[in-house]
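Geometric and topological summary
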Amino acid sequence: MDINAINNSAISGLNSNSSLQLNKTQTNKIDNFQNESLNLSISNYNIQRSEFSQNIQSLNDGIAISNISMNSIEKQQNYLNTIQEKLQNSENLENKNDIRKSINEDLVAFNQLAYDTKYKNENLLMTQKEANNSITIDTNSQTFSMEKTNTAEFANTIFDVVNNKDLNIDTNLENAKNTVSSSMEKLENTFNQFDNFSNQLKNSAKEDISKQFELYNEKSTENINFGKEANDFSKTNINVNVGYLAAAQANIVQEQSVRLLS
């Protein structure tokens, strides 16, 4: 046998094996790159989705705070309306000071509402010294804040003018009426502040929900297109991942949409 032929054959075989090994290595690198790219895409998607979910949760907290506060303020307004009616009707009484007891009962109920109106143990309609007396809602992109109003002070002020002055004197009675009217205006302003605060939060929440839908649609399309570039095994895994992500995202968005509208 020709030694040169053996050597040429061996060298040819070696080159062939090297070429196959190189092709296999390149294929593995491509597969690894594709898998890493997909994992990174899904990871970024999950991070963004988590951020949106946290934003919606914070905004929902703020909307709940506003609704709870406005509900209590409406009840407080009813007490002030009742007190004002009692002061006006007292003109027909021989001793106008007789209405004090009834008014004081309304003021106690008014004050109790101020102390009882809370969200997660945070007072909403009263302030305390050396305490955080603002309501703040933070998201990843915005901060919403409003100052608290100590509605308990309204009751204390009315109590003073009703109980410390003789209501049989016309000027004292008129002063009591004016004090109640002033408190009603301040309470109405507080209600409007919470209403505006709530509307800002709702608008921000709607924007975040819209962005969630856009993110889902964008990433879903990207993943499907990327799968067409991979081999059959990769295609299957990509489509499965997209399915799980789509189902999870749809459930989250639907749940949050219902919470906002409820």
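Quick look at the structure, then. Throughout, a residue's number is its position along its own chain's written sequence, starting from 1. Reporting of local features is limited, given that this is a predicted model, to residues whose pLDDT is at least 70; pairs of side-chain atoms are given and counted only at 80 or more, and all residues count toward the totals for whole chains, interfaces and linings. Working from all heavy atoms in the structure, the side-chain values ignore hydrogens and water.

Here we come to the pattern of salt bridges. We count a salt bridge whenever a side-chain nitrogen from Lys or Arg sits within 4 Å of a carboxyl oxygen from Asp or Glu. On inspection of all chains with the given rule, the structure shows 4 salt bridges. In this structure, Asp61 and Lys120 form a salt bridge, with 3.5 Å as the shortest nitrogen-oxygen distance. Pair noted here: Asp61 is in helix α1 (residues 3-89) and Lys120 is in the loop between β1 (118-119) and β2 (122-123), with a separation of 59 residues, a long-range link. The cut-offs for exposure are 20% and 50% of the maximum accessible area for each residue type, with area from a 1.4 Å probe on protein chains only; residues under the lower value are buried, those over the upper are exposed, and the others partly exposed. Taking relative accessible area as the criterion, Lys120 reaches 62% and is therefore assigned exposed. A salt bridge links Lys148 to Glu122, with the shortest nitrogen-to-oxygen separation between them at 3.1 Å. Taken as a pair, Lys148 in the loop between β4 (143-147) and α3 (152-163) and Glu122 in strand β2 lie far apart in primary sequence, 26 residues in all. A run of H or I in DSSP counts as a helix once it spans at least four residues, and a run of E counts as a strand once it spans at least two, with each numbered from the N terminus.

Right, let's talk about the packing of helix α2 (residues 100-116) against α3 for a bit. What counts as an axis is a line fitted to C-alpha atoms, over the stretch in contact for a helix, and the angles between N-to-C directions run from 0 to 180 degrees. Look at α2 against α3: their axes get within 9 Å of each other, and the N-to-C directions meet at 165°. On the basis of the axis angle, α2 is roughly antiparallel to α3. Viewed along their axes, α2 and α3 form a crossing whose handedness is left-handed. Residues Arg100, Ile103, Asn104, Leu107, Phe110, Asn111, Ala114 and Tyr115 of α2 lie in contact with α3, whose contacting residues are Ala152, Phe154, Ala155, Asn156, Ile158, Phe159, Val162 and Asn163. Three classes are used: nonpolar for Ala, Val, Leu, Ile, Met, Phe, Trp, Tyr, Cys and Pro, charged for Asp, Glu, Lys and Arg, and polar for all others, with Gly counted as polar. Its residues assigned to classes, the contact of α2 with α3 comprises 11 nonpolar, 4 polar and 1 charged. Angles are sorted into four bins: roughly parallel if under 35 degrees, roughly antiparallel if over 145, roughly perpendicular if 65 to 115, and oblique for all others. Note: crossing handedness is left-handed where the near helix turns anticlockwise from the far helix by less than a right angle, and right-handed where it turns clockwise. Note on definitions: a residue-residue contact is assigned when non-hydrogen atoms from the two residues lie within 4.5 Å.

Here the focus is the environment of Gly62. Within the element layout of this structure, Gly62 appears in helix α1. As a C-alpha pair, Gly62 and Lys202 span 140 residues in sequence and 9.1 Å in three-dimensional space. If we skip the residues at most four places from it in the chain, Gly62 touches Ile137, Phe197 and Leu201.

Turning to α2, a few remarks are in order. Counted at 1.5 Å a residue, the expected span for α2 with its 17 residues is 24 Å, and the 24 Å between its end C-alpha atoms agrees. Taken together, the buried positions of α2 are Ile103, Asn104, Asp106, Leu107, Phe110, Asn111, Leu113 and Ala114. To estimate how far a helix should extend, the number of its residues minus one is multiplied by 1.5 Å.

All right, on to the side chain of Asn97 then. With respect to the helices and strands, the residue Asn97 is situated in the loop between α1 and α2. Any pair of N or O atoms that falls within 3.5 Å is considered a polar contact. Within protein, one atom must be able to donate a hydrogen and the other to accept it, and sequence-neighbouring residues count only if both atoms are side-chain atoms. At a separation of 2.9 Å, a polar atom in the side chain of Asn97 contacts the main-chain amide nitrogen of Leu167. Dropping the residues within four chain positions of it, Asn97 is found in contact with Lys165, Asp166, Leu167 and Asn168.

Time to look at the nonpolar core. In this description, a nonpolar core means a group of buried Ala, Val, Leu, Ile, Met, Phe, Trp, Tyr and Cys residues linked to one another through side-chain atoms lying within 4.5 Å. The biggest cluster of nonpolar side chains holds 36 residues, and the ones touching the most others in it are Leu87 and Phe194. Elements represented by at least two residues in this core include exactly α1, α2, β3 (134-138), β4, α3 and α4 (170-228). No other element matches α4, which puts 10 residues into this core. The residues touching Leu87, leaving out its near neighbours within four places in the chain, are Ile99, Ile103, Leu167, Leu173, Ala176, Lys177 and Val180.

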